[in-house]
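Breakdown of the fold
Chain residues, written in single-letter form:
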Amino acid sequence: MKILYYLIYPIWYLLSLLPLSIHYFFSDVLFLLLYHVLHYRHKIVHKNLVSSFPEKSADEIRIIEHGYYHYFCDYFVESIKLMTISQKELKKRMTFKGMELIEETIQCGQSCALYLGHYCNWEWITSIPLWLKSEAVCGQIYHPLENKIFDQLFLKIRQRMGAYCIPMNDTLRVILHYHKENQPIVIGYISDQVPHWRNIHHWCDFLHHDTPVLTGTERIVRKVNHAVFYVDIHRLRRGYYEAEFKLMTREPRTLPEYELTTRYFQMLEETIRRDPEFWLWSHNRWKRGRAEFNEKFEIVNGKVVPKGEEAYRLHKLEERKKKRKQE
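This report concerns the structure included in the present document. (Residues numbered from 1 in each chain as written. Predicted model: local features only at pLDDT ≥ 70, side-chain atom pairs only at ≥ 80, totals over all residues. Heavy atoms only, no water.)

Once that is clear, we can look at the pairing of strand E11 (residues 303-306). Both strand E10 (residues 297-300) and E11 contribute to a ladder of four bridges, which runs antiparallel. Residue Phe297 lies in a different strand from E11, and its bridge partner there is Pro306. Hairpin geometry of E10 and E11 is characterised by an intervening segment of two residues between the two adjacent antiparallel strands and by a positive phi of about 50° at Asn301. (Pairing = 2+ DSSP bridges. Helix = DSSP H or I, 4+ residues; strand = E, 2+ residues; numbered from the N terminus.)

Overall, the coordinates contain zero disulfides when judged by the stated rule. The structure places no disulfide on Cys138, whose sulfur is separated from the nearest cysteine sulfur, that of Cys112, by 9.2 Å. With no disulfide of its own, Cys165 lies 12 Å from the sulfur of Cys138, the closest cysteine sulfur. Using a relative accessible area of 4% as the deciding quantity, one classes Cys165 as buried. (Disulfide = S-S within 2.5 Å. Buried < 20%, exposed > 50% of the residue type's maximum accessible area, 1.4 Å probe, protein only.)

To continue, consider the nonpolar core. Soluble globular proteins: nonpolar side chains tend toward being buried together. Among the nonpolar cores identified, the biggest contains 88 residues, and Ile102, Ile125, Val186, Phe245, Ile272, Trp279 and Trp281 are the most heavily contacted of them. Once you skip the residues sitting within four places of it in the chain, Trp279 turns out to touch Tyr68, His118, Tyr119, Asp192, Phe206, Leu207, Leu268, Ile272, Arg285 and Trp286. Core analysis: the next-biggest nonpolar cluster, separate from the first, contains six residues, Ile200, Trp203, Phe293 and Phe297 among them. (Core = buried A, V, L, I, M, F, W, Y, C linked by side-chain atoms within 4.5 Å. Contact = heavy atoms within 4.5 Å.)

All right, on to the packing of aromatic side chains then. Per the counting criterion, the structure on display carries 28 aromatic pairs. Ring centres of Tyr68 and Phe72 lie 5.9 Å apart, and the angle between their planes is 40°; on these two criteria the pair is classed as tilted. Of this pair, Tyr68 and Phe72 both sit in helix H4 (residues 58-81), four residues apart, which is roughly one turn of the helix. Taking 6.4 Å as the distance between ring centres and 20° as the angle between the ring planes, the aromatic pair formed by Trp197 and Phe293 counts as stacked. (Phe/Tyr/Trp six-rings, centres within 6.5 Å; stacked < 30°, edge-to-face > 60°.)

With that settled, the discussion passes to unusual backbone geometry. Positive phi is not limited to glycine here, since Asn182 has a value of about 55°. Its location among the elements puts Asn182 in the loop between helix H8 (171-180) and strand E5 (185-190). Despite not being glycine, Tyr258 has its phi angle at roughly 75°, a positive value. Mapped onto the secondary structure, Tyr258 falls in the loop between strand E9 (240-249) and helix H10 (259-274). Note on Tyr258: relative accessible area 18%, which makes it buried.

Right under this line is the structure:
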């Protein structure tokens, strides 16, 4: 594994030294390969677009499709460039609007939670520490990649600008640690992934789909009372982005359960509808439906369990009790 890492790293590093104009040339070539030759995940992309925009014509869907694949290739080369891009250049290309709201919140002694989606270049959002004046820890929750080599590479790249990557399974422990230390933090949560069956507790109407959604972000921010912002990203032109912080609430505990999650998906849908080609359409977002969930699972004491599992557990518990009495 280490040998593979040391083989891939220098190649990635040398490629990243090329100017972005050359990267975009490679992106155009990659687009032709993925879209016209390999038809990369075309069935999933097309199905997602048609079901999300039933009001659009076939020609309109093709235009979005074309734009998505072209942008996806740009995202790929921009991620490569992140390995060596200078802070000065990245600050020109990834700007932030409303940073004063984040600063004010931190100065008032409250940490910030940022709701993000897989929209535009979410990798470049890790440059937030370059804009922050306060002594706050910046980080993002991430799902470790199965491929350990690429996981190491992406960790190195994502943390270059000073943002700390927190593995998803360690999220609550790390957040509580900073909370107890009274250390202000600014943490980004990409919350539009597909939850596992046992993590489905809420459904939203999202892009014409009955959608199971992750609620872990909401549970965490309610527990530690973080101010919550939605990050609305615009692609200004090729290689240039602006992210705007929109305050959702400073008092998450005052909202009804799942209200924050529902608001996030409403705001994300508005962003996607504005410029749909910049969302991750190749992700099989709607592979889990409510009918299958209701058929296979049930909620017992707030936990999602396979149907019959709890009854079986109680049955075995009763058997053990009877056996002890007989003995």
